[in-house]
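# Understanding the architecture of this molecule
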Amino acid sequence: MNKRAANSLRQGPDERGKFGIFGGRFVAETLMPLILDLEKAYRSAQKDPAFLSEMNDLRTHFAGRPSPLYYAERLSAELGGARIYFKREDLNHTGSHKLNNCLGQILLARRMGKTRIIAETGAGQHGVATATVCARFGLPCTVFMGATDVARQMPNVLRMKMLGAEVRPVTAGAGTLKDAMNEALRDWVTNVESTYYLIGTAAGPHPYPEMVRDFQKVIGEEIREQIMELEGRLPDALVACIGGGSNAIGTFHDFLDEPNVQIIGAEAGGHGLDVENGHAASMTGGRPGVLHGNRTYLLQNEDGQILEGHSISAGLDYPGVGPEHAWLRDTGRVTYVPVTDKEALDAFMACTKFEGIIPALESAHGLAHVMKIAPQMKSDKVIVLCLSGRGDKDVESVGKHLGMAL
Amino acid sequence: MTGTRIDRRFAKTKAENRPAFVSFVMAGDPDEATADAILAGLPSAGADIIELGMPFSDPMADGVAIQLAGQRALAAGMSLRKTIDTVARFRRNDDETPIVLMGYYNPIYIYGVEKFLADAVAAGVDGLIVVDLPAEEDEELCLPALAAGLNFIRLTTPTTDNKRLATVLKNTSGFVYYVSMTGITGAEIKNRTAVGEAVSRIKGHTNLPVAVGFGIKTPEDAALIGRGADGVVVGSALVSAVADSLVDGKPQPGTAEAVHSCVRKLAEGAKRARS
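All figures in this text were calculated on a predicted structure; none of them were measured in a lab. (Residues numbered from 1 in each chain as written. Chains lettered and ligands numbered in written order. Predicted model: local features only at pLDDT ≥ 70, side-chain atom pairs only at ≥ 80, totals over all residues. Heavy atoms only, no water.)

Scanning the entire structure with this criterion turns up eight cavities of 30 Å³ or more. By volume, the largest cavity amounts to about 340 Å³. Of all the elements in the fold, those that place two or more residues in the lining of the largest cavity are β5 (116-121), α6 (125-137), α9 (177-190), α12 (246-252) and α16 (361-373) of chain A. Along the lines of polarity and charge, the residues of the lining of the largest cavity split into seven nonpolar, 18 polar and three charged. Each pocket or cavity is described by its volume, and for the second largest cavity that value is around 130 Å³. Forming the boundary of the second largest cavity are 17 residues, of which B:F24, B:D62, B:I66, B:G103 and B:Y104 lie nearest the centre. Listed by contribution, the elements that provide at least two residues to the lining of the second largest cavity are β1 (20-26), α3 (64-75) and β3 (99-103) of chain B. Its residues assigned to classes, the lining of the second largest cavity shows twelve nonpolar, four polar and one charged. (1 Å grid on protein atoms, 1.4 Å probe; cavity = no way out; pocket = protein on both sides within 12 Å on 5 of 7 lines; lining within 4 Å. Points joined across faces, edges and corners; volume = space filled by probe spheres on them. Helix = DSSP H or I, 4+ residues; strand = E, 2+ residues; numbered from the N terminus. Nonpolar A, V, L, I, M, F, W, Y, C, P; charged D, E, K, R; others polar.)

Written out as C-alpha cells, the structure reads:
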C-alpha cells in the first residue's frame, strides 16, 4: 500500500491547488480572502467526526445512499459483449449525483456562518439539488441559469421555484452554463460577506475542484464494494460523461491507481468536432487556458476568447472542464472521447426501451460510448457506467428532436 | 525625476496638489478608428493616466456597461494584438501619458506571456492590471512583467485586511488600485466615508500612490473621493458615453467628443477635490 501511495494518482492537488499545470486560484482579489477561508474551513471539517457523521446520516436518510449497482441485462445481451452495470445515481434524491456535493457544501456553508446560497446551473440538476438542500436547512437560495437553458429545462426551473429558490435567467452570451457562472461570480463578489457560492462541478478556483471531488468520490467507493460483491473483481472499464466532470471524477477517483481498470470520459461532441463551435468537447477539441478561477482545457479562439460550445445536453454545454480531468488527460491515465448529439439520442432511447430507465441526456453520452465498446469486449468482461441522472427533465426536448407527436 | 511614466505622472499631480484623473476606455470600442480618436483626445480632455481595456469574452468582475463595451470591440474584430498596436499608434504623438492595459489573463496566456511582455514594452505600455491574477499567482505574469520593466498594479478591496495587505502590496508597483466596494464595475458606492478610511489605511502600509475606482460616475464623486486618494478612476461612465452616442450600433461623428466631454467634466471634478 505504501509503495502504491508514493506513485499514486490520487494525491492532488498540491498546496497551491494545482494538478500539474492545471487548477490554481485565478480569482479577483475581492474573493481571494474568502477562498483562503473556505480552504481552512474545509480542512477543519474534513477532520471533524461530527461533520462526517452528519454528512453520512444525510446521505443515508435524505439522499438514499448507497445507490444500487444494477446489471443491465437486456442491453448487455442486445449488444452481445461485455456485462454492463449501471451505477444508479439517477435514483439519488433529486434525480442525480449532484446532491452528493450539495450535502457536503451546505454543511460547510453552515459551519462558515454564511446566510445566503448562490449557485449556477446548466441542466438544472445542480440548481434543483442546491434548492433542495437550501429548503432542508432553511437558507435563501438564488440560482443563476442561462436563459436558453431555462427554456429547454422548464421542469427543473419549476422544481427550483417550488423549493423556494429564486431562479435568475442570464441573457448574456448564449445564455448557457458559462454565462450563468459569470453572473454567479459577479453576485458573489458583490455579496461576499454573507454569501456562499455552491459550485456544482469539480471546477473553479481551489479548493472547489478538490472539495467537489471529495464529496462525489463516494460513487466510486460504492462501485468498488458493490462490484466486488456482484462479480468478485474490479471492472475492466469505467465510463462516465463529462461536462465539468463531477460525476466522472467521483466515479474514477477510487480507481485511478488500479492499472487494470480502463477509465474513459465521454465529452459532448455536439454536431461533431469538425463543426466550428459546434461541440462542447473541451479536452478533445480545446486547449489549456484560464477561466472561472482555474487553468484547464477550454474551447477558445486564437485570441483567447472563450467560445460558447454546443451540446444537446444543457449539463454538458460548458466550454471548460475540471482541472483534475485536464491533468488526467495529459498523464494519459484517463481517455476522453467525444460523443455526438445523435449518438447520445440513440443511447437515450436504447436505455429507455431495453432497460426501462429513462436516463439524463448527459448520462446518455456515457452510455453511447459503452454501446461502442461493449460489443468489442468478451462476455466475461465488465463495464460500469455512471448513470449520473434521470431523464425526466429531457423527455420534452428529446421528443421534439425525434419528431414525436406531443 | 526618473522612474516610469506612471511615477512621473503621479509626482506631477502631487506637486499640483490634485488627484490624478485616470480614465478607462475599452480598446477597439466601438471600432478601431473611433477608438483611436477617443484615445488620442483623452490627455487634452484631462486624463492624466489612461487605462485601456483588453476586451474579453467573459469579464467576470465587470458590470453591464463594460461587458457591452468589450462585446462591441470583439464584434468589430478587436484582439490583443490589435490592442497593443493601438498603444503603439498613440505613442507616436504622446510620449508622456501613461497607459495601463487592464483585463483578464486568458488572452495574455494564449498570446504567450513572454511575447506579450516584449510587444507591450515595445509599443509603449507602462503597466498592467489583470483582474484574475491574485498575489498567489504572481509567477504567471506579475514577476515576469516586473522583470520586463512594466508596472504591475494590483487591486486591493474592502476584503483585503491589514494582514493580507502585505501579501498584496509585495509585488505591486506604479500605484495601488483600491476597489471602492465589494462588487463589479459600475455599481453604486454605498459608503464614501469608508472609502476614505480605507485609502488612509492602505497609505499607512505603502509609499505608492493609491487610486480609487469602481462606482465613480459624477464630477461630485470624483471631487469627494479625490480629496484623500492620489487618483480617481472612471470607466463605466465613459464607456456608457460611447454606447449612448451610437445610432443603430454605429459610431457617429460626435462619438469621440461625447467621451471627451464626459472626461472634461469628471476631470474638473477631480481637480477641485482639494480646493
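Next comes the rest of the account.
Let us now look at the side chain of A:T201. All names here are of chain A. Inspection of the secondary structure assignment puts T201 in the loop between β8 (195-197) and α10 (208-216). A polar atom in the side chain of T201 sits 3.3 Å from the backbone nitrogen of G245. When neighbours within four sequence positions are excluded, T201 is seen to be in contact with K98, E120, V212, G244, G245 and S246. (Polar contact = N/O pair within 3.5 Å; in protein donor to acceptor, adjacent residues only side chain to side chain. Contact = heavy atoms within 4.5 Å.)

Moving on to the sheet that holds strand β13 (residues 335-340) of chain A. Residues and elements named next belong to chain A. The six strands lie next to each other as β3-β4-β14-β9-β10-β13, forming an open sheet whose pairing is mixed. In this open sheet, the two edge strands, each paired with only one partner strand, are β3 (69-71) and β13. Taken over all neighbouring pairs, the strand axes of this sheet differ in orientation by 30° on average, direction set aside. Note: strand β4 (residues 83-88) against strand β14 (residues 382-387), six bridges, orientation parallel. The residue of β14 that forms the bridge with R83 is V382. This element, helix α11 (residues 218-231), spans β3, β4, β9 (237-242) and β14 of the sheet and lies at about 140° to β4. Running over the sheet, α16 touches β4, β9, β10 (262-270), β13 and β14 and is turned about 145° from β9. (Pairing = 2+ DSSP bridges. Axes fitted to C-alpha atoms, helices over the stretch in contact; angles between N-to-C directions.)

Inspection of the entire model under this criterion finds 57 salt bridges over all chains. For B:K12, the salt bridge is made with B:E16, and the minimal N-O distance between the two is 3.6 Å. What makes B:K12 partly exposed here is its relative accessible area of 39%. Looking at B:E16, the relative accessible area reads 41%, which means it is partly exposed. Several salt bridges converge on common partners, so that one network encompasses A:R10, A:R224, A:D254, A:D257 and A:E258. (Salt bridge = Lys/Arg side-chain N within 4 Å of Asp/Glu carboxyl O. Buried < 20%, exposed > 50% of the residue type's maximum accessible area, 1.4 Å probe, protein only.)

Among the secondary structure elements, A:I306 is positioned in the loop between β12 (293-298) and α14 (323-331). Each C-alpha atom, one on A:I306 and one on A:H292, is 11 Å from the other, the two residues being 14 residues apart in sequence.

On average, residues of chain B score 96 in pLDDT, and 99% of them reach the 70 mark or higher. Note on the complex model: pTM 0.96, ipTM 0.96. (pLDDT = per-residue confidence, 0-100.)

Turning next to the packing of aromatic side chains. Per the stated rule, a full pass over the model turns up 13 aromatic pairs over all chains. Taking 6.1 Å as the distance between ring centres and 85° as the angle between the ring planes, the aromatic pair formed by B:Y177 and B:F214 counts as edge-to-face. A residue pair is termed long-range when its members are at least 10 positions apart, and B:Y177 in strand β7 (residues 176-179) and B:F214 in the loop between β8 (210-213) and α10 (219-225) qualify at 37 residues. No difference in accessibility class separates B:Y177 from B:F214, as the two residues are buried. Through successive ring pairs, a cluster of aromatic residues spans A:F26, B:Y105 and B:Y109. The ring of A:F137 has A:R136 lying over it, and the distance from NZ or CZ to the ring centre is 4.6 Å. Above the face of the A:F255 ring, A:R224 is positioned so that its terminal group lies 5.2 Å from the ring centre. (Phe/Tyr/Trp six-rings, centres within 6.5 Å; stacked < 30°, edge-to-face > 60°. Lys NZ or Arg CZ within 6 Å of the ring centre and 35° of its normal.)

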